[in-house]
Amino acid sequence: RRQQRLPSQRCSKGSQAHMRCAIAVATSFSTALTLAAAMAAPRTVTPGSGTVLVTGASGLVGANVANQLRREGYTVRAAVRDPTAEKNEFLRAMGCELVRVPDLLSDEGWADAMAGCVGLAHVASPVDIGGKTPEDVMISQAVEGTERALRFAAEAGTIKR
């Protein structure tokens, strides 16, 4: 059984891959420092500071995120495909504002959903219950949806976290 080694343990001086290894180690260290700093940073979104948009709020994970935020006193805007659908009434009952974002892969609804929000919890992801969509397509759609959410968050200019 081969033992996994850290990037720094694979970088022997004089090897052809020495420079790539050094860059990988520096990048890993930089990423760790960035994450540590972000986790230690004071919370910029607090209950009462504004609305938090939760995407995928009609799903299991998104609904639990929205519920927890509401319990902690946050104002929650829930992004759903159809705000008038009966299946989303539980979100309204928990005190969420419902907003229409019909498709992760379309720009429709994103600007309105993001307007005035101070926080974003992007939980939405494409789902194929039948399992007929190839994995690489599902991943590509998830990435595209995340990039779209982040782009509209940046364009809104009000998102703090």
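Since the structure is predicted, the reported quantities are computational estimates derived from the model, not experimental observations. (Residues numbered from 1 in each chain as written. Predicted model: local features only at pLDDT ≥ 70, side-chain atom pairs only at ≥ 80, totals over all residues. Heavy atoms only, no water.)

Draft legend 1. Here's a closer look at the pattern of salt bridges. For the coordinates displayed, the defined rule picks out 7 salt bridges. Taking the shortest distance from any N to any O, the salt bridge between R151 and D107 comes out at 3.0 Å. Placement of the pair is R151 in helix 6 (residues 135-156) and D107 in the loop between strand 3 (97-100) and helix 5 (110-114), with a sequence separation of 44 residues. For R151, a relative accessible area of 33% translates into the label partly exposed. (Salt bridge = Lys/Arg side-chain N within 4 Å of Asp/Glu carboxyl O. Helix = DSSP H or I, 4+ residues; strand = E, 2+ residues; numbered from the N terminus. Buried < 20%, exposed > 50% of the residue type's maximum accessible area, 1.4 Å probe, protein only.)

Draft legend 2. Expanded view of the side chain of R77. Relative to the helices and strands, R77 resides in strand 2 (residues 75-80). At 2.8 Å, the side chain of R77 forms a polar contact with the backbone oxygen of A115. In this structure, R77 is in contact with T51, V52, L53, V54, E97, V99, D112, A113, M114, A115 and C117, ignoring residues within four places of it in sequence. (Polar contact = N/O pair within 3.5 Å; in protein donor to acceptor, adjacent residues only side chain to side chain. Contact = heavy atoms within 4.5 Å.)

Draft legend 3. Molecular detail of helix 6. Taking 1.5 Å per residue as the helical rise, helix 6 with its 22 residues ought to reach 32 Å, and the 32 Å between its terminal C-alpha atoms agrees with that figure. Among all positions of helix 6, only M138, A142, G145, R148, A149, F152 and A153 are buried. Down the axis of helix 6, the buried side of the element spans an arc of 130°, and every buried residue falls inside it. Turned more than 90 degrees away from the buried face of helix 6, the exposed residues are D136, E147, L150, A154 and E155. Its buried side turned inward, helix 6 meets helix 5 and strand 4 (117-122). Just beyond helix 6, the residue with positive phi is G157, at close to 75°. (Expected span 1.5 Å × (residues − 1). Arc of directions from axis to C-beta.)

None of the figures reported here should be taken as evidence of function without further support.
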